[in-house]
Amino acid sequence: MTDRENTTPAGEPEQPAEGTAAYHHLIEGRIEKMRELGKSVELYPYGYARTHTSEQLRAQEEALTAAGAAVRVPGRLMTKRGAGKTLFAPVQDEWGRIQAYFKLDILGEERFHRIMKLVDIGDWIGVEGTLFRTRTGELTIQVSDFTFLAKAVRPLPEKFHDMNLELKSRRRHLDLAMNLESRERFKKRSAIISEVRAFFDSEEFLEVETPVLQPLYGGATARPFTTHHNALDTTLYLRIADELYLKRLIVGGLERVYEIAKDFRNEGMDRTHNPEFTMLECYAAWWDYHQMMDLTERMLRRLAQRFGDNGVLTYGEVRMDFNQPFARLRFMDALAERTGVDLMKLDDTEVIALARKHGIEPRKGMGRDKLLDALFGELVEPGLTQPTFVMDHPKELSPLAKAHREVPGLVERFELFCAGFEVANSFSELNDPFEQRRRFEAQRGLAEAGDDEAQPLDEEFLMAMEQGMPPTGGMGMGIDRLVMLLVDTNNIRDVLLFPAMRPERTGGEG
RNA sequence: GCGCCGCUAGCUCAACUGGUAGAGCAACUGACUCUUAAUCAGUAGGUUCGGGGUUCAAGUCCCUGGCGGCGUACCA
């Protein structure tokens, strides 16, 4: 939209600017009708005594019809199909639509004129009457009376073309009003998150909350958002992960904790990345990554059974069967298989050569292990369509993971891949404070070499670990990605009610 | 970041090698007492994203800025 739209402040619709734009004429016309309507009805009443939702009417049709029961249903007027002295108009509530039938004979001149001429598409009304089926078989309310509930001064979008993704994302209220499948998708997101909570509750995890505003960020490799606290006159960061605080709770003796919360990462946005996103993290004392793997598998299977087709999910062209035991693949084995080389035996220059051979140009600050990770992303990840655990990653990539109990240079970590993208990340958590300090120091080395995502050393976190952290397994899962998988979309904006958008402006300076 | 494509009525979109900017829906007027993308007749609605340029003439060509989509790179 342009600034034109902003010249009609919401607070004073009585005095629309004398604009030349047609938009004003549409709004002016509606305001004019509202004035007329205001002479006979309350324009903004305080509530409505509903007896049924549209969904309940369908479910209880037989009983309601037999009894000739009067029902009262509020909703939004979606279209008007007038035929002289009658009017059919579907009324839409959260659960769907119910058609209302207005008839001059029944309503009388004044009320019929009101619905026919003064109530606009988009307005909210409550209809009262009895149920019947029309000649064509549609369940309909024979309206004996109706109540005006709220005015739509601004018209809704046109009804039978799809809005584009930008409009849907920027004006989510319109998307939700016009597209019932969009509503269903977001309701499903809610149901998925509820199910995740139910799962963790059943596994006897405690849901906790940790700070969003942190004096030091950590727990992931990413650039943070920075803000300032006035009273303390200090810099604070929006968290990039919950990890370091949740581990302090483990130190404190809470043995199983989880958190579902927003993380913030100051990086590029695209089809699969939003600057703020919802993360699940969980930690369990006495567990290692094998038990976390089992937990993750149980959780995904439960979600696939509830939200998929008996444990089978369809994502684009891909069918994923979550009933079968998930594949388990070692990071190095997968790379060796795709490259034909045992990478453990290569020195650094040979790794660089191999990366170049596969089109990966080493960037500043990219160590050997980051190159391996890039190679993995390039060669292996796209092929991981069925649920697959990738295990035992190089150490440098995972400064918070415990060294592998058998293979030097690796850590006990897994990532879960489905449909080619990462769904979960987990490790046997490092709980040796001396080793943890050395890992932070190594990260500092990376930072000095130009890696601006390297993790800063967190002295307070180390202090907690020095006071004794039990053996612990941890796991993180991007909830938005999970929802994308379960609702079968490849765009994160389809699963975020209000995805980040560039602010709208009225044009450049020239 | 980079590359490609796009931005025209409230919404969805047309407009040939530069030559008077159109349609459907929405709106307005009228007809119609079982419609459902209701139908029929008529009316109105435009700073063609902003700025600059070339030209007798620019929605169209050039420059520049804004916003979006897709691809690509990094990250979940």
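The numbering scheme is per chain: residues are counted from 1 as the chain's sequence reads. Here every chain gets a letter starting at A, and every ligand a number starting at 1, in the order they are written. Per-residue local features of the predicted model are confined to residues with pLDDT of at least 70, and side-chain atom pairs are confined, for both listing and counting, to 80 or more; whole-chain, interface and lining totals are unaffected and use all residues. In computing side-chain values, all of the structure's heavy atoms are included and hydrogens and water are not.

### Looking at the sheet that holds strand β12 (residues 276–285)
- Strand pairing requires that DSSP identify at least two bridges connecting the strands. Going along the chain from the N terminus, every DSSP run of H or I of four or more residues is numbered as a helix, and every run of E of two or more is numbered as a strand. Sheet architecture is open: 8 strands sit in the order β7-β11-β12-β19-β18-β17-β16-β15, paired in mixed fashion. Here the strands that pair on one side only, and so sit at the sheet edges, are β7 (206–207) and β15 (327–330).
- In the sheet, β15 pairs with strand β16 (residues 388–391) via 4 bridges, with the strands oriented parallel. For Arg330, the partnering residue across the bridge sits in β16 and is Met391.

### Quick notes on the environment of Ser428
- In this fold, Ser428 is placed in strand β18 (residues 421–428).
- The buried category is assigned to Ser428, whose relative accessible area is 3%.
- Remark: the alpha-carbon pair of Ser428 and Met292, spanning 136 residues in sequence, is separated by 8.4 Å.
- Ignoring any residue separated from it by four or fewer positions in sequence, one finds Ser428 in contact with Asp288, Tyr289, Ala401, Lys402, Arg405, Glu412 and Thr472. Residue exposure (1.4 Å probe, protein chains only): buried if accessible area is under 20% of the type maximum, exposed if over 50%, otherwise partly exposed. Any pair of residues with heavy atoms lying within 4.5 Å of one another is described as a contacting pair.

### Details of the sheet that holds strand β9 (residues 226–229)
- Spatially, 3 strands are ordered β8-β10-β9 in an open sheet, and the strand pairing comes out antiparallel. Two strands lie at the open edges of the sheet, namely β8 (213–214) and β9, each paired on one side alone.
- Two strands pair when backbone bridges link them, and β8 and strand β10 (residues 234–238) are joined in this way by 2 bridges, in the antiparallel orientation. By the bridge assignment for β10, Gln214 is matched with Tyr237.

### A look at the environment of Pro399
- Locating Pro399 in the fold gives a position in the loop between β16 and β17 (413–418).
- Every residue in contact with Pro399, bar those within four places of it in the chain, is listed here: Leu430, Gln436, Arg439, Gln443 and Gln455.

### Looking at the packing of helix α11 (residues 348–357) against helix α12 (residues 368–379)
- Where α11 contacts α12, the axes come no closer than 10 Å and their chain directions differ by 30 degrees. Judged on the interaxial angle alone, α12 and α11 are roughly parallel. Here α11 and α12 pass one another in a crossing that is left-handed. The residues of α12 that touch α11, namely those facing Asp348, Val351, Ile352, Leu354 and Ala355, are Arg368, Leu371, Leu372 and Leu375. Axes here refer to lines fitted to C-alpha atoms; in helices the fit is confined to the stretch in contact. Angles between the N-to-C directions go from 0 to 180 degrees. An angle below 35 degrees is read as roughly parallel, one above 145 as roughly antiparallel, one from 65 to 115 as roughly perpendicular, and any other as oblique. Left-handed is the label given to a crossing in which the near helix is rotated counterclockwise from the far helix by less than a right angle, and right-handed is the label when the rotation is clockwise.

### A look at the pattern of salt bridges
- The term salt bridge refers to a side-chain nitrogen of Lys or Arg lying within 4 Å of a carboxyl oxygen of Asp or Glu. Evaluation of the coordinates by the stated rule reveals 37 salt bridges.
- One salt bridge connects Arg413 with Glu415, and the closest N-O pair in it is separated by 3.5 Å.
- Glu415 gets classed as buried once you look at its relative accessible area, which sits at 5%.
- When the shortest N-O distance is used, the salt bridge between Arg437 and Glu459 registers 2.6 Å. Here Arg437 is found in helix α13 (residues 433–448), whereas its partner Glu459 is found in helix α14 (residues 459–466), with 22 residues between them in sequence.

### Quick word on the packing of α13 against α14
- Contact geometry of α13 with α14 gives a least axis separation of 9 Å together with a crossing angle of 160 degrees. Between α13 and α14, the crossing angle belongs to the class labelled roughly antiparallel. When you trace α13 past α14, the crossing you get is right-handed. Mapping the contact onto sequence places Pro433, Gln436, Arg437 and Phe440 in α13 and Glu459, Phe461, Leu462, Met465 and Glu466 in α14.

### So, the side chain of Ser182
- With respect to the helices, strands and loops of the structure, Ser182 is situated in helix α7 (residues 180–202).
- Nitrogen and oxygen atoms within 3.5 Å of one another constitute a polar contact, given that in protein one can donate a hydrogen and the other can accept it, and given that sequence-neighbouring residues count only through two side-chain atoms. Side chain to side chain, Ser182 and Asp175 meet in a polar contact 2.6 Å long.
- The residues contacting Ser182, other than those within four sequence positions of it, are Arg172, Asp175 and Leu176.

### Quick word on helix α10 (residues 331–339)
- Regarding α10, the residues found buried are Phe331, Met332, Ala334, Leu335 and Thr339. Buried residues of α10, seen end-on, are gathered within an arc of 160 degrees and therefore sit on one face of the element.
- Contacts made by the buried residues of α10 are with β15, α11, α12 and β16.
- Just beyond α10, the residue with positive phi is Gly340, at close to 80 degrees. Note that the arc is computed from the directions linking the helix axis to the C-beta atoms.

### Overview of α7
- Here α7 is 23 residues long and its end C-alpha atoms lie 32 Å apart, about the 33 Å a rise of 1.5 Å per residue gives.
- Restricting attention to buried positions, one finds in α7 the residues Ser182, Arg183, Arg185, Phe186, Arg189, Ala191, Ile192, Ile193, Glu195, Val196, Phe199 and Phe200.
- Just downstream of α7, Glu204 is the residue with a positive phi angle, here 65 degrees. In this scheme, a helix's expected span is set at 1.5 Å multiplied by one less than its residue total.

### Some details on the pairing of strand β1 (residues 71–77)
- Burial of β1 is extensive: 6 of the 7 residues sit out of reach of the surface.
- Here 6 bridges tie β1 to strand β5 (residues 124–133), and the two strands are oriented antiparallel to one another. Considered in β5, the bridge of Arg72 is made with Glu128.
- Direction of pairing for β1 relative to strand β3 (residues 86–93): antiparallel, over a ladder of 2 bridges. When the bridges of β3 are listed, Arg76 appears paired with Gln92.

### Here we look at the pairing of β3
- A large share of β3 lies buried, amounting to 7 of its 8 residues.
- As judged from the 3 bridges shared by strand β2 (residues 81–83) and β3, these two strands associate in the antiparallel manner. Across the sheet, the residue bridging to Ala83 is Thr86, located in β3.
- What sits between β2 and β3 in their antiparallel hairpin is a turn of 2 residues, with Gly84 showing a positive phi close to 70 degrees.
- In this structure, β3 lies alongside strand β4 (residues 96–103), joined through 8 bridges in antiparallel fashion. Paired with Phe88 across the bridge in β4 is Tyr101.

### Notes on the confidence of the model for chain A
- Confidence scores labelled pLDDT are given residue by residue by the predictor and lie between 0 and 100. For chain A, the mean per-residue pLDDT works out to 87, and 93% of the residues sit at or above 70.
- Put simply, helix α5 (residues 165–170) is where chain A has its lowest mean pLDDT, 78, and β7 is where it has its highest, 98.
- Counting interchain partners and residues more than four positions distant, the pLDDT-below-50 stretch residues 1–23 has 24 contacts.
- Confidence drops under a pLDDT of 50 for residues 506–510, and excluding neighbours within four residues, the segment shows 2 contacts in the predicted structure.
- For this predicted complex, the interface confidence score (ipTM) comes to 0.85, while the overall pTM stands at 0.89.

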